[in-house]
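One letter stands for each residue in the lines below.
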Amino acid sequence: MFDDFFIRALIAGIGVAFVTGPLGCFVVWRRLSYFGDTLAHSALLGVTMALAFEINIAISIFIISSVIAIILVKLEKNTNLPGDALLGLLAHSALAVGLVVIGFLSFIRFDVMGLLFGDILAVNVDDLIIIWGGGAIILIVLKIIWKPLFASTVNYELAEAEGLNPDRAKAIFTILMAAIIAISIKIVGLLLITGMLIIPTAMARNISDTPKKMVIFSICGGLLSVIMGLFSSLQFNTPSGPSIIAAALLLFVISLFKIKQTIQLKN
Amino acid sequence: MTIENNVLVKLNEVGLKQRNKWLVKGVSLIVERGKIVTLIGPNGSGKSTTAKIAIGLHKNIEGNVEKFTDKIGYVPQKISIDWTLPLKVRDFMVLTDELDEEKINEALKLTGADHLKNQNLGNLSGGEFQRVLLARAVSKKPDLLVLDEPVQGVDFTGEIALYKLIKEIADKLNCGILLISHDLHTVMTATDHVICLNGHVCCSGTPKDVAMNNEYKLLFGEQASQTLSIYEHKHDHVHSNDGDIKKN
């Protein structure tokens, strides 16, 4: 059954959606969309490193994204620049350096479009193992740090005053972000990973009134987007990443009607 | 139990400097089990900073803090809940600790907020939210309660009731309370120990002692001490307008 490229892509996409759902909620709650973008841009550098040194792409991306995250934390502490300027600085520098390095590696040919927007043809059995294995680890770790991470998302000082460790939870969460970007790059592509984190979550926000519901709806939205997106990608021969994100957008638009209804009910 | 065992938190000459400015300096205080210690002082006098130092929220401090408990309930002065996070009062109650349904109800009832249990946190009024914050802080039966203006925004009758309640909680849970308050009347009636801050400890003692203090009168005006008979005593320093402190 894993012989069919489409089945492989579907299984990979479903694995990704299970992880982006809960992580996406924290990205939205903690206002980290641009942080996600920065990590995703730096993933290009990770890919070139992987090609240059012939190591696994996901591992290479994970390492580079983690390094970028650490650099960001250091810069935040040691400069007076605002966070968004630092994010922009790192995102574009990493992207530029990545593209320059690709220029030097003229002996390697690879599909830049596939990298930027996802390529369902490229998913192999190894990728499935990385996505489902890595995804399971991410979810287990997230479950462990859930309480301090969630409490400090609501209020940092309350969490710290009452004996939780928000700083450690935040550091671990940053590593989880690097990991999800590493494992989802083949399906969604690096330019659209943040969309996969945010859009199903935004849809979920419109129809939920508790954090738990928001996480569940976010996962459901992600799963639906992947399935709809991949089928239409196959049907219309469009790149997989944009198709998935477009499907997520469609769900978001539908969820807007639900808000309208609730507002009318209240009135 | 020895006297030492009753001490919950002890600050020894603590100070905090930010951007070359001392927010507070040389503050010492002790909060004991069953006692209410109140911090008073004008805006920017370092009340909240001192409270945060006591619970370990500030890292680069001068002096030291000895904490004898980890069971702390905290009501911060400012808290903003984000609209992006759908959160009901019930979920908020179990934010830092698991509680069973009964304990949640009990705590909410105690602060008169039981009818709000299934409300969205974003829909509460200032006073209602304050009651929920207080309920959350007491629900896990802490050893030490740190309350930073816990009744701000609460209506007048509710305010008196809540202060009464705080006193009751201190007795019932046998916990120590570090309270920050603007309401001088309440402070003077419901507190065991008052510390008057203005960047440093201006004066401290029982409510009666402090009310009779010249410096207290300078900070809060004559009428502030009129509830109690006036008794004057001399201080060893004065404040100049630029914030300097001069010895007499």
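Scroll up for the structure.
Residues numbered from 1 in each chain as written. Chains lettered and ligands numbered in written order. Predicted model: local features only at pLDDT ≥ 70, side-chain atom pairs only at ≥ 80, totals over all residues.

## Examining the nonpolar core
Here is step 1: Ranked by internal contacts, the top residues of the largest apolar core, which has 151 residues, are A:Ala43, A:Ile61, A:Ile181, B:Val146 and B:Ile177.
Here is step 2: A total of 13 residues in this core trace back to one element, the largest contributor, which is helix α8 (residues 166-188) of chain A.
Here is step 3: Sequence-distant contacts of A:Ile181, that is, excluding residues within four places in its chain, are made with A:Leu39, A:Ala40, A:Ala43, A:Ile61, A:Ser65 and A:Ile193. (Core = buried A, V, L, I, M, F, W, Y, C linked by C-beta atoms within 7 Å. Buried ≥ 20, exposed ≤ 12 C-beta atoms within 10 Å, placed from the backbone. Helix = DSSP H or I, 4+ residues; strand = E, 2+ residues; numbered from the N terminus. Contact = placed C-beta atoms within 7 Å.)

## Looking at unusual backbone geometry
Excluding glycine, a negative phi dihedral is what most residues carry, and trans is how most peptide bonds are arranged.
Here is step 1: Despite not being glycine, A:Asn237 has its phi angle at roughly 55 degrees, a positive value.
Here is step 2: Its location among the elements puts A:Asn237 in the loop between α10 (211-236) and α11 (240-266).
Here is step 3: In the Ramachandran plot, B:Glu13 falls in the positive-phi region, its phi being about 50 degrees despite a non-glycine side chain.
Here is step 4: Here B:Glu13 shows up in strand β1 (residues 7-18).
Here is step 5: Judged by local crowding, B:Glu13 falls into the exposed class, with 11 C-beta atoms found within 10 Å.

## Quick word on the pairing of strand β8 (residues 193-197) of chain B
Residues and elements named next belong to chain B.
Here is step 1: The buried fraction of β8 amounts to four of the five residues, a majority that puts the element mostly inside the structure.
Here is step 2: With four bridges connecting them, strand β3 (residues 36-40) and β8 associate as parallel partners. When the sheet's bridge partners are listed, Leu39 is paired in β8 with Ile195.
Here is step 3: Direction of pairing for β8 relative to strand β9 (residues 201-205): antiparallel, over a ladder of four bridges. Across the sheet, Val194 pairs through a bridge with Gly205, a residue of β9. (Pairing = 2+ DSSP bridges.)

## Here we look at the packing of helix α2 (residues 33-53) of chain A against helix α4 (residues 83-104) of chain A
Residues and elements named next belong to chain A.
Here is step 1: One way to put it is that α2 packs onto α4 with a least axis distance of 8 Å and a crossing angle of 20 degrees. Overall, the two elements α2 and α4 adopt an arrangement that is roughly parallel. For the pair α2 and α4, the crossing hand works out as left-handed. On the side of α2, the interface is formed by Tyr34, Phe35, Asp37, Thr38, His41, Ser42, Leu44, Leu45 and Thr48, while α4 contributes Asp84, Leu87, Leu90, Ala91, Ala94, Leu95, Val97, Gly98, Leu99, Val101 and Ile102.
Here is step 2: For the contact of α2 with α4, the class distribution of residues is 13 nonpolar, five polar and two charged. (Axes fitted to C-alpha atoms, helices over the stretch in contact; angles between N-to-C directions. Parallel < 35°, antiparallel > 145°, perpendicular 65-115°, else oblique. Left-handed = near helix turned anticlockwise from the far one by under 90°. Nonpolar A, V, L, I, M, F, W, Y, C, P; charged D, E, K, R; others polar.)

## What to know about the interface of chain A and chain B
Here is step 1: At the junction of the two partners, chain A supplies 20 residues and chain B supplies 18 residues.
Here is step 2: Of all elements in the fold, only α1 (5-29), α6 (125-154), α7 (156-161) and α10 of chain A reach the threshold of two or more residues within the side of chain A that touches chain B.
Here is step 3: The class makeup of the residues in the side of chain A that touches chain B is ten nonpolar, five polar and five charged.

## Considering the sheet that holds β3(B)
Residues and elements named next belong to chain B.
Here is step 1: The six strands lie next to each other as β5-β6-β7-β3-β8-β9, forming an open sheet whose pairing is mixed. Bordering the open sheet on either side are β5 (72-75) and β9, each of which pairs with just one other strand. Along the sheet, successive strands turn relative to each other by an average axial angle of 10 degrees, direction set aside.
Here is step 2: Of the strand pairs in this sheet, strand β6 (residues 144-148) and strand β7 (residues 176-180) are connected by five bridges, and their pairing is parallel. Paired with Leu147 across the strands is Leu179, a residue of β7.
Here is step 3: Where helix α2 (residues 47-54) meets the sheet, it contacts β3, β6, β7 and β8, and its direction lies at approximately 155 degrees from that of β7.
Here is step 4: With respect to the sheet, helix α5 (residues 126-139) is in contact with β5 and β6, its orientation differing from that of β5 by roughly 170 degrees.

## Thoughts on the sheet that holds strand β4 (residues 61-67) of chain B
Residue and element names in this part refer to chain B.
Here is step 1: With antiparallel pairing, the three strands of this open sheet are ordered in space as β2-β1-β4. Each having just a single partner strand, β2 (21-32) and β4 make up the two edges of the open sheet. Sheet twist, expressed as the average angle between the axes of neighbouring strands with direction ignored, equals 10 degrees.
Here is step 2: Pairing of β1 with β4, which is carried by six bridges, proceeds in the antiparallel orientation. Bridge pairing in β4 places Asn12 opposite Asn64.
Here is step 3: Packed onto the sheet, α2 meets β1, β2 and β4 and runs at close to 125 degrees relative to β1.

## Here's the deal with the environment of A:Leu44
Residues and elements named next belong to chain A.
Here is step 1: You can see Leu44 is positioned in helix α2.
Here is step 2: Residues Leu44 and Ile102 lie 58 residues apart in sequence; the distance between their C-alpha atoms is 9.2 Å.
Here is step 3: Leaving out residues up to four positions away in the same chain, Leu44 has contacts with Ala94, Leu95, Gly98, Leu99, Leu115 and Leu190.

## Examining the pairing of β2(B)
The two faces of a sheet get side chains in turn, since along a regular strand they alternate between them.
Residues and elements named next belong to chain B.
Here is step 1: Judged from the eight bridges that link them, β1 and β2 form a sheet pairing that is antiparallel. Following the sheet pairing, Lys10 is matched in β2 by Ile30.
Here is step 2: Where β1 folds back onto β2 in an antiparallel hairpin, the turn is made up of two residues, including Arg19, whose phi is positive at roughly 45 degrees.

## Notes on α10(A)
Here is step 1: The terminal C-alpha atoms of α10(A) lie 36 Å apart, and with 26 residues this matches the ideal 38 Å at 1.5 Å per residue to within 8%.
Here is step 2: Just downstream of α10(A), A:Asn237 is the residue with a positive phi angle, here 55 degrees. (Expected span 1.5 Å × (residues − 1).)

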